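Breakdown of the fold
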Amino acid sequence: MTVYGALYVEDLYTEGLHSVQVFGVLIEPTMTATASIIGKTYPLLFVGWGVFQSIALTLNVLYLYRRYGYKSKAGYALLALGTLCIISTVFIRSTEEPGLQRTAHWATALLFAFLYAIAMGMCLLSLAKKSRKFLGTFIFFVAMLALMLALLIFVGKGGAIESIPMWGVYVILLLTNFTGMYKESLAEPIRNA
C-alpha cells in the first residue's frame, strides 16, 4: 500500500504533473495519495493492509525489544494502543466531508504513527547510549520523523508523509532484526572522545 500510495494518482492531483513509462510500467511520481484516499477506491485492500501492517509492525518492534533485551511496560502499552488506533483507522472510513468521521479517521491515523514512533524511538534511544551504529540509526529515525512533520505542516496530507517514514522504519527493522551488524556493535563500548 505504501508503494501504491507513492505512485497512485487521482484526476484532481494530476494537473501539471507528468507520468513516466519505465519498462512498460506507467509511474505517476506524485506522492500525493494517502493510503486513506486509496482505501476509498479499494476498501477491502485498505482493511487488509491495516490489519497486516499492525501485525507486522507490532511483531517486528517486539522482536527488536526482545533481541536487544529492551524491557519497557510503557513501550508495550504504546504498541497495544497504536495497534488499536490503526485498526480503528481502517474501519472508520475516510471522507472529505468535515465532521466527526473525518476527525476520528485522521486522529486515529496520527495517533497510530505517534504511538509507534515513541515505542520504537524509546528502544532506539536506549540502544544509542550503547552503540554508535544505534546512535546513527536513532538520529536517522528522528530526522525522518522531522521530515514527515515538516511535510505535513508545509505541504499537507499526502502519500509522502506516510510512505517515507514507513519505508524508513521497514529498513531500520530489517537491519536491526535480521542482520548481525547491530548485535555486534553492542559488544564495543562507546568511548568519549
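Overview of the structure. The structure presented is a predicted model; accordingly, all values stated were derived computationally and were not measured.

**Quick notes on the packing of helix 3 (residues 43-67) against helix 5 (residues 100-128)**
Relative to each other, helix 3 and helix 5 sit at 15°, their axes nearing to 10 Å. In terms of orientation, helix 3 lies roughly parallel with respect to helix 5. Relative to helix 5, the crossing made by helix 3 is left-handed. Contact with helix 3, carried on its side by Phe46, Ser54, Leu57, Thr58, Val61, Leu64 and Tyr65, involves His105, Phe112, Tyr116, Ala119, Met120 and Cys123 of helix 5 and no other residues of that element. Its residues assigned to classes, the contact of helix 3 with helix 5 comprises ten nonpolar, three polar and no charged.

**A short note on the environment of Leu78**
Summarising the element assignment, Leu78 is placed in helix 4 (residues 73-91). Relative accessible area serves as the criterion here: at 15%, Leu78 is assigned to the buried category. Sequence-wise, Leu78 and Ala119 are 41 residues apart; in three dimensions their C-alpha atoms are separated by 5.9 Å. With residues near it in sequence (within four places) discarded, Leu78 still touches Leu115, Ile118, Ala119 and Met122.

**Some words on a nonpolar patch on the surface**
Together, Val51, Ile55, Leu59, Leu62, Tyr76 and Phe91 give the surface a local cluster of nonpolar side chains, amounting to about 550 Å² of exposed area. Looking at the nonpolar patch, the elements with two or more residues in it are helix 3 and helix 4. Looking at the nonpolar patch element by element, the count peaks at four residues for helix 3.

**Observations concerning the side chain of Thr176**
With respect to the helices and strands, Thr176 occurs in helix 7 (residues 159-178). When its relative accessible area of 0% is taken as the criterion, Thr176 is described as buried. A distance of 3.4 Å separates a polar atom in the side chain of Thr176 from the backbone oxygen of Leu173.

**Considering the nonpolar core**
Counting 33 residues, the largest nonpolar core has Leu57, Tyr65, Met120, Leu124, Phe141, Val169 and Leu173 as its most contacted members. Listed by contribution, the elements that provide at least two residues to this core are helix 3, helix 4, helix 5, helix 6 (132-154) and helix 7. If one sorts the elements of this core by residue count, helix 5 sits on top with ten residues. Ignoring anything within four residues of it in the chain, the contact list for Leu124 reads Phe134, Thr137, Phe138, Phe141 and Ile172.

**Re the packing of aromatic side chains**
Enumeration over the complete set of coordinates arrives at seven aromatic pairs. A ring pair is formed by Tyr65 and Tyr70, whose centres lie 4.9 Å apart and whose planes are at 80°; its orientation type is edge-to-face. The same class applies to Tyr65 as to Tyr70, namely buried.

What counts, and at which threshold
- Residues numbered from 1 in each chain as written.
- Predicted model: local features only at pLDDT ≥ 70, side-chain atom pairs only at ≥ 80, totals over all residues.
- Heavy atoms only, no water.
- Axes fitted to C-alpha atoms, helices over the stretch in contact; angles between N-to-C directions.
- Helix = DSSP H or I, 4+ residues; strand = E, 2+ residues; numbered from the N terminus.
- Parallel < 35°, antiparallel > 145°, perpendicular 65-115°, else oblique.
- Left-handed = near helix turned anticlockwise from the far one by under 90°.
- Contact = heavy atoms within 4.5 Å.
- Nonpolar A, V, L, I, M, F, W, Y, C, P; charged D, E, K, R; others polar.
- Buried < 20%, exposed > 50% of the residue type's maximum accessible area, 1.4 Å probe, protein only.
- Patch = residues over 30% accessible without salt bridge, like charges linked within 9 Å, V, L, I, M, F, W, Y side chains within 5 Å.
- Areas by Shrake-Rupley, 256 points an atom, 1.4 Å probe, with all protein chains shown as cover.
- Salt bridge = Lys/Arg side-chain N within 4 Å of Asp/Glu carboxyl O.
- Polar contact = N/O pair within 3.5 Å; in protein donor to acceptor, adjacent residues only side chain to side chain.
- Core = buried A, V, L, I, M, F, W, Y, C linked by side-chain atoms within 4.5 Å.
- Phe/Tyr/Trp six-rings, centres within 6.5 Å; stacked < 30°, edge-to-face > 60°.

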